[in-house]
Amino acid sequence: MTYHPSETGQTLQAGAPLPPIAPHLAAVWGAFLHEGMMLNSADIERSIRILDLWGNGCIELIQSVCEYIPTIWQYAQPYWDQPEAFPGVFEYEVVSILGEQIATHLLNHDGNLPSDREFAAMTSELVTQFFSQGDTPPDPPAARTPASFVASFLTDAIKDFLGGKP
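Since the model is a prediction, treat every value here as computed from it, not as a measurement.

*Asks:* What is the right way to read the overall build of the chain from this model?
*Replies:* Looking only at helices and strands, the chain has 7 helices and 0 strands in total. Starting at the N terminus, the α and β elements of the chain follow one another as α-α-α-α-α-α-α. Put simply, the chain has 166 residues, and 35% of those count as buried. Within the chain, contacts between residues separated by at least 24 positions form 77% of all contacts whose residues are at least 6 apart in sequence. About 9,300 Å² of surface is accessible on the chain, with carbon and sulfur atoms providing 59% of the total.

*Asks:* For this particular structure, what's the right way to read the nonpolar core?
*Replies:* Most often, soluble globular proteins have nonpolar side chains that are buried together. If you look at the biggest cluster of nonpolar residues, it comprises 34 residues, and the most contacted ones within it are Trp-29 and Phe-90. Mapped by element, the contributors of at least two residues to this core are α1 (23-39), α2 (46-54), α3 (58-66), α4 (69-80), α5 (90-108) and α6 (116-131). With residues up to four places along the chain from it excluded, the contact list for Trp-29 reads Ile-21, Ile-69, Ile-72, Trp-73, Ala-76, Trp-80, Phe-90, Glu-91 and Val-95.

*Asks:* Sorry if this is basic, but what is going on with the pattern of salt bridges here?
*Replies:* Opposite charge on two side chains makes pairing possible when the charged atoms of those side chains draw close. Summed over all chains, the structure comprises 1 salt bridge. Between Asp-43 and Arg-49 there is a salt bridge whose closest N-O contact spans 2.7 Å.

*Asks:* Honestly, unusual backbone geometry in this entry has me stumped. Any pointers?
*Replies:* Excluding glycine, a negative phi dihedral is what most residues carry, and trans is how most peptide bonds are arranged. The residue Asp-110 is not glycine, and still its phi comes out positive at about 55°. Note that Asp-110 resides in the loop between α5 and α6.

*Asks:* Hey, could you run me through the packing of aromatic side chains in this one?
*Replies:* For any pair of aromatic rings, the description rests on two quantities: the centre-to-centre distance and the angle between the ring planes. Applying the stated rule across the entire model yields 14 aromatic pairs. Where Tyr-68 meets Phe-119, the ring centres are 4.0 Å apart and the plane angle is 25°; that geometry is what we call stacked. Separated by 51 residues along the polypeptide, Tyr-68 in the loop between α3 and α4 and Phe-119 in helix α6 bring together distant segments of the chain. The same class applies to Tyr-68 as to Phe-119, namely buried. A centroid spacing of 5.3 Å and a plane angle of 80° characterise the contact between Phe-90 and Phe-130, whose relative ring orientation is edge-to-face. Of this pair, Phe-90 sits in helix α5 while Phe-130 sits in helix α6, and the two are 40 residues apart along the sequence. Taken together through their ring pairs, the aromatic side chains of Trp-29, Trp-73, Tyr-79, Trp-80, Phe-86, Phe-90, Phe-130 and Phe-131 make up a single cluster.

About the thresholds
Residues numbered from 1 in each chain as written. Predicted model: local features only at pLDDT ≥ 70, side-chain atom pairs only at ≥ 80, totals over all residues. Heavy atoms only, no water. Helix = DSSP H or I, 4+ residues; strand = E, 2+ residues; numbered from the N terminus. Buried < 20%, exposed > 50% of the residue type's maximum accessible area, 1.4 Å probe, protein only. Contact = heavy atoms within 4.5 Å. Areas by Shrake-Rupley, 256 points an atom, 1.4 Å probe, with all protein chains shown as cover. Core = buried A, V, L, I, M, F, W, Y, C linked by side-chain atoms within 4.5 Å. Salt bridge = Lys/Arg side-chain N within 4 Å of Asp/Glu carboxyl O. Phe/Tyr/Trp six-rings, centres within 6.5 Å; stacked < 30°, edge-to-face > 60°.

Structure below.
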């Protein structure tokens, strides 16, 4: 992908390089993109139509779609390191939905993937919506890692299970 944030009015912090996405996180996001594209529809034959229109094979489609992962990371990363708990499950509410949107684009555009600019606009909108849930959107960035997110998620799940008690 050759997307640059300035193409949609987004900017990175001046002089600050984007930290690389962790390989395991990229793999999870690739799986959720696939899930959203191929498995998240009541229409059983949708995936067959997608592959027929795509015309290059399922592995090639997955490889091509995974090239969008750096764009997702680019928009999510400023929020990723926040100390607050996420307002939901990013993979379900953003990545999987992006997979659905890619599939819809393929179906509506003769098997063509969204352009870098189109995908950046989709991503920007979903990431902004996701992180703006609740009373106030977070101020990027702080000190959150995928491991701290999992720990926070598990702590919250245990509290919920125990009726709000730690």
